[in-house]
Amino acid sequence: MGANGLLVAVPADMRSFENYRWHASPSTYLQAIRDVAGALPLIVPTLATDADLDLLFERIDGVLVTGSVSNVHPSLYGVEATPAHEPFDGERDRLSLAMIRKAIEKDVPLLAICRGHQELNVALGGSLATEIQEAEGRMDHRAPEHPEQDGRFALRHPVRPEPGGKLAALVGDAPFPVNSLHRQAIDRMADALSVEARAEDGTIEAVSVAGAGAFTLGVQWHPEYWATSDGPSRAIFEAFAHACRARRDARG
């Protein structure tokens, strides 16, 4: 395990290449879990059953739900699917939504990023809007065209934490810059969620679960990419690690 003996579960995406189907997760999230949180990331295959998850949650200290090129299937929030909602990964949907709900139920620390942030809203009864750059008054939140990942993940626009909120307790009340690589966003926010930050155009950029028994934060941007060098990004992962250590200590 990591230096702190922590184990963080990461739901996998389902990918097809080289004539195989792969249960996979981007390396940037796994590296941030290891290098900043000091934990060992464990990729959970999409074939995991409810019984598998019950056993898993007896042994893990946290859950991190990643971003992905795929989108949550709109049928899960009561909207008819269109080509604008694609691509989909139904197996990822099933696993991630189950793990999010179980983490909240069992007071396991949860950090949900990008697609994970959107999944958190859907898991608790909210909905999503697609192609938000086409909505009046919205900025273009999609990834910039750039040949290198550092350019695609560059810090681009500010978000403003809600004063007195859980995110503000980690990074302060002042606006700070984040990257932006999404074309969907929270539309109707789930009743159980509280807004933790917004972009200048009103887009909900961070949420927490009201009354949660453990650290539970969703962010629309990608703190994992700059977790070792950007202050707010590191603060989020360090707070997640602190909550994971508390979970481990409580389990004995």
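See the structure printed just above.
Residue indices begin from 1 for each chain and proceed along its sequence in written order. In keeping with the predicted nature of the model, local features appear solely for residues at pLDDT of at least 70, side-chain atom pairs appear and are counted solely at 80 or more, and the whole-chain, interface and lining totals rest on all residues. Note that the side-chain values use all heavy atoms of the structure and ignore hydrogens as well as water.

Caption draft 1: Local environment of unusual backbone geometry. Cis peptide bonds are those with omega within 30 degrees of zero, and the linkage from glutamate 86 to proline 87 qualifies with 0 degrees. Strands are runs of DSSP state E lasting at least 2 residues, helices are runs of H or I lasting at least 4, and numbering of each runs from the N terminus. Here proline 87 is to be found in the loop between strand S5 (62-65) and helix H3 (90-105). You will see that cysteine 114, though not glycine, has its phi angle at about 55 degrees, which is positive. Burial classification: accessible surface area is computed with a 1.4 Å probe over protein chains only, and a residue below 20% of its type maximum counts as buried, one above 50% as exposed, and the rest as partly exposed. Judged by relative accessible area, which is 7%, cysteine 114 ranks as buried.

Caption draft 2: Geometry of the nonpolar core. As used here, the term nonpolar core means buried Ala, Val, Leu, Ile, Met, Phe, Trp, Tyr and Cys residues forming a set that is joined through side-chain atoms within 4.5 Å. Phe57, Val63 and Met99 are the most contacted members of the largest nonpolar core, which totals 31 residues. Element by element, the count of residues in this core is highest for H3, at 5 residues. In this structure, Leu64, Ile113, Val219 and Trp221 belong to the second largest nonpolar core, which totals 30 residues.

Caption draft 3: Geometry of the environment of alanine 154. Looking at where alanine 154 falls in the secondary structure, it is placed in the loop between helix H5 (149-152) and strand S8 (157-161). In this structure, the C-alpha to C-alpha distance between alanine 154 and alanine 143, residues 11 residues apart in sequence, is 9.3 Å. Contact definition: two residues touch when any of their heavy atoms are within 4.5 Å. Here alanine 154 is in contact with Val178, Asn179 and Trp226, once residues within four sequence places are set aside.

Caption draft 4: Structural view of the side chain of asparagine 179. Checked against the element boundaries, asparagine 179 lands in the loop between strand S9 (176-178) and strand S10 (184-186). From its side chain, asparagine 179 meets the backbone oxygen of phenylalanine 153 in a polar contact 3.2 Å long. Two N or O atoms count as a polar contact when they lie within 3.5 Å, although within protein this holds only if one can serve as hydrogen donor and the other as acceptor, and sequence-adjacent residues are included solely when both atoms are side-chain atoms. From its side chain, asparagine 179 meets the backbone nitrogen of histidine 222 in a polar contact 2.8 Å long. Aside from chain neighbours lying at most four places away, what touches asparagine 179 is Phe153, Ala154, Leu155, Arg156, His157, Trp221, His222, Tyr225 and Trp226.

Caption draft 5: Representation of the sheet that holds S5 in the model. Pairing between strands is defined by DSSP: at least two bridges between the two strands are required. If you trace the 9 strands from one edge of the open sheet to the other, you get S4-S1-S5-S6-S13-S12-S11-S8-S9, paired in mixed fashion. Looking at the sheet topology across the chains shown, the edges are occupied by strand S4 (39-44) and S9. Each strand of the sheet is rotated relative to its neighbour by a mean of 25 degrees, with strand direction disregarded. Note: strand S1 (residues 6-11) against S4, 6 bridges, orientation parallel. Its bridge partner being in S4, alanine 9 is matched across the sheet by leucine 42. Axis angles are defined between N-to-C directions and span 0 to 180 degrees, where every axis is a line fitted to C-alpha atoms and, for a helix, only to the segment in contact.

Caption draft 6: Inspection of the packing of aromatic side chains at higher detail. Two aromatic rings from Phe, Tyr or Trp, using only the six-membered ring of Trp, form a pair when their centres are within 6.5 Å; if the ring planes differ by under 30 degrees the pair is stacked, by over 60 it is edge-to-face, and anything between is tilted. Taken as a whole and assessed by the stated rule, the structure comprises 6 aromatic pairs. Aromatic pair phenylalanine 153 and tyrosine 225: ring centres 4.4 Å apart, planes at 5 degrees, arrangement stacked. With phenylalanine 153 in the loop between H5 and S8 and tyrosine 225 in the loop between strand S13 (216-219) and helix H7 (231-251), this residue pair connects regions lying 72 residues apart in the sequence. Comparing phenylalanine 153 with tyrosine 225, the two get one shared label, buried. Ring-pair connections join several aromatic residues into one group, and the members of that group are Phe17, Tyr20 and Trp22.

Caption draft 7: Broad picture of the environment of alanine 32. Looking at the element boundaries, alanine 32 is found in helix H1 (residues 27-35). The exposure class assigned to alanine 32 is buried, which follows from its relative accessible area of 3%. As a C-alpha pair, alanine 32 and arginine 234 span 202 residues in sequence and 8.9 Å in three-dimensional space. Setting aside its immediate chain neighbours within four residues, alanine 32 contacts Ala37, Glu224, Ala227 and Phe237.

That is the geometry; function is a separate question.
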